[in-house]
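The chain contents come next:
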Amino acid sequence: MSQTPADLDPSFPPSSGAAVYPGLDEWRSLPISQQPSWHNDPGYAAAVAELSMVPPLVFAGEVDILRDRLAQAAQGKAFLLQGGDCAETFEAATADKISARVRTILQMSVVLTYGASLPVIKMGRMAGQFAKPRSSNDETRGETTLPAYRGDMVNGFEFTPESRRHDPARMVRAYHTSASTLNLIRAFTQGGFADLRLVHHWNRGFTANPAHSRYESLARDIDRAVRFMDVCGADFEALKRVEFFASHEALLLDYERALTRIDSRTGQPYDTSAHFLWIGERTRDLDSAHVDFLSRVRNPIGVKLGPNSTPEDALALIDKLDPNREPGRLTFITRMGAQNIREKLPTLVEKVTASGAQVLWVTDPMHGNTVTSPNGYKTRNFDDVMDEVRGFFEVHNALGTFPGGLHVEMTGDDVSECLGGADPVDQDAFVEGYESVCDPRLNHMQSLEMAFLVAGALAEKG
Ligand SMILES: O=C[C@H](O)[C@H](O)COP(=O)(O)O
Ligand SMILES: C=C(OP(=O)(O)O)C(=O)O
Ligand SMILES: [Mn+2]
């Protein structure tokens, strides 16, 4: 982390047309990493100017509601389920794929709610998850080396020089794709599709498998309960709609800054690109541009914490991102790896708890468990992923703190990207079934299986 935006381009333009608020541009003078090199592109200023004028994707009032919901989760009175692709793509923003992902999240949340008797906050890594931090700037195939793929908001996955060029106009396309994705999510979740009485319907179209049958039997129980309540004269209005929130990693500060607006009710800045934004493991340095920028918007913020995070890091992040100790403001998403979690998490949680801060603790059991399969695919063993989740519950249960949520890379599609599961995926299946452009996702069945495991753990806690 050595460059500032001004180092990247000495004529780095100020954000034209963007909302003005003291401190919002402080990040421009701070060290920043994982940014595209596009500041000299002739299309850069126009893209930023356009994004500064477009309507917000989310409303500040919705963001405030989410903060309240997350505050409940931080106190053990709700549970956060956050899931979606590692990297969304423009091409895959189709009705079928979005619907399958939303249905899978709804199914997972029903399993969790029913099993644990806790309200579940549903949140997609969706409608904006288009930018990726990478371990390496380049990718080499055979004799050819090109810039690494950094997500559809920056460049294309196709391995050609033109596709891999960092193109600022992609930010505008990312905005429009996020808008249409969010529009469909809102239609699904408000327009009857998410009605709990359609609990069976969400299972349709997915291939039969063990988790699927287990879900069917749970759905039958829910149906019976609903029919019973119906004859008792219950009012089902509340079952018809669900709240669904959008989130992504706030990586490209050009984009996040341009979509920041001043809320007319409160006069405060909100990053209106999503309800919830998180800072990734690679960009969470205390004095970084990312931490500074996100400290200045009102959205609830997450920070990924990997196995090298120290309690001092965590406490300093709390001071910077949540100086007023506001319930729901700050979420720590731990991604330690199954091997590390039981050893590393307790001290972090203990020290944060002792400081009096109340953060929401969420487990991301994916990013600490990435391996390369013998046949060369980036993958994760389902057993390791499950083991990290178990470790997360064990640690919190031992300390008397709240295991408040699950953050997973998943899809509603029948892909083969993670190894194992009840209907096991093996590495040979990757050749046909690996579709992710970045990290391996749980497929539909593995996602449901995960939900049953977590529901069991929450019920046990109970
Ligand atoms: O999603 C996370 C990161 O972008 C990813 O794990 C980095 O992966 P890389 O090591 O393939 O660049
Ligand atoms: C990049 C990601 O995670 P992390 O920052 O935890 O590596 C991600 O969530 O895709
Ligand atoms: Mn990822």
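Residues numbered from 1 in each chain as written. Chains lettered and ligands numbered in written order. Predicted model: local features only at pLDDT ≥ 70, side-chain atom pairs only at ≥ 80, totals over all residues.

As named in an unreviewed UniProt entry, the protein chain is Phospho-2-dehydro-3-deoxyheptonate aldolase, taken from Arthrobacter pullicola. The record held by UniProt for the protein chain lists under Sequence similarities (unreviewed entry) the comment "Belongs to the class-II DAHP synthase family." Turning to the protein chain, the UniProt annotation filed under Pathway (unreviewed entry) states: "Metabolic intermediate biosynthesis; chorismate biosynthesis; chorismate from D-erythrose 4-phosphate and phosphoenolpyruvate: step 1/7." (UniProt positions renumbered as here; feature names shortened; annotations may be inferred.)

Draft legend 1. Structural context of the overall build of the protein chain. Of the regular secondary structure elements, the protein chain holds 15 helices and 14 strands. In terms of C-alpha radius of gyration, the protein chain reaches 21 Å, essentially the compact-globule figure of 23 Å for 462 residues. For the protein chain, the C-alpha atoms occupy an extent of roughly 65 × 50 × 45 Å along the three principal directions. The proportion of buried residues among the 462 residues of the protein chain is 48%. (Helix = DSSP H or I, 4+ residues; strand = E, 2+ residues; numbered from the N terminus. Rg over C-alpha atoms; globule rule 2.2 N^0.38 Å. Buried ≥ 20, exposed ≤ 12 C-beta atoms within 10 Å, placed from the backbone.)

Draft legend 2. Looking closely at the site of ligand 2. Surrounding ligand 2, one finds Cys86, Pro133, Glu249, Gly280, Glu281, Arg282, Lys304, Arg335, His367 and Asp439. Taken together, the residues of the shell around ligand 2 sort by class into 2 nonpolar, 2 polar and 6 charged. (Near = placed C-beta within 6 Å. Nonpolar A, V, L, I, M, F, W, Y, C, P; charged D, E, K, R; others polar.)

Draft legend 3. Structural detail: the sheet that holds strand β11 (residues 360–363). Spatial strand order, β1-β2-β5-β8-β9-β10-β11-β14: 8 strands in a closed barrel with parallel pairing. Averaged over all pairs of adjacent strands, the angle between strand axes in this sheet comes to 30°, irrespective of strand direction. Looking at chain direction, β11 and strand β14 (residues 403–409) are connected through 3 bridges and run parallel. Counted as the bridge partner of Val362 is Gly405 from β14. Packing of helix α13 (residues 382–399) onto the sheet brings it into contact with β11 and β14, and relative to β11 it is tilted by some 155°. (Pairing = 2+ DSSP bridges. Axes fitted to C-alpha atoms, helices over the stretch in contact; angles between N-to-C directions. Contact = placed C-beta atoms within 7 Å.)

Draft legend 4. Region of the structure containing the site of ligand 1. Taken together, the residues surrounding ligand 1 are Cys86, Lys132, Pro133, Arg134, Ser135, Cys438 and Asp439. When grouped by side-chain class, the residues that make up the shell around ligand 1 number 3 nonpolar, 1 polar and 3 charged.

Draft legend 5. Structural context of the pairing of strand β5 (residues 244–249). Taken across its 6 residues, β5 has 6 buried, putting it largely inside the fold. Burial along β5 is two-sided: Phe244, Ala246 and His248 and Phe245, Ser247 and Glu249, pointing in opposite directions, are all buried. Where strand β2 (residues 120–124) meets β5, 3 bridges bridge the pair, whose relative direction is parallel. Looking across to β5, one finds that Met123 is bridged to Phe245.

Draft legend 6. Focus on unusual backbone geometry. Positive phi is not limited to glycine here, since Ser117 has a value of about 50°. Relative to the assigned elements, Ser117 resides in the loop between α4 (95–116) and β2. Positive phi values are uncommon outside glycine, yet Ala127 reaches one of about 60°. Mapped onto the elements of the fold, Ala127 is located in the loop between β2 and β3 (138–141).

Draft legend 7. Layout of the nonpolar core. Residues Phe79, Leu80, Leu81, Leu112, Leu294 and Val454 are the most contacted members of the largest nonpolar core, which totals 119 residues. Excluding its chain neighbours within four sequence positions, the residues that come into contact with Val454 are Leu112, Val389 and Leu406. (Core = buried A, V, L, I, M, F, W, Y, C linked by C-beta atoms within 7 Å.)

Draft legend 8. Broad picture of the packing of helix α7 (residues 210–231) against helix α15 (residues 444–461). Two numbers describe how α7 lies on α15: the axes approach to 8 Å, and their chain directions differ by 55°. By the angle between their directions, the pair α7 and α15 is classed as oblique. Judged by the sense of rotation from one axis to the other, the crossing of α7 with α15 is left-handed. The residues of α15 that touch α7, namely those facing Ala211, His212, Arg214 and Tyr215, are Met445, Leu448, Glu449 and Phe452. Partitioned by chemical class, the residues of the contact of α7 with α15 number 5 nonpolar, 1 polar and 2 charged. (Parallel < 35°, antiparallel > 145°, perpendicular 65-115°, else oblique. Left-handed = near helix turned anticlockwise from the far one by under 90°.)

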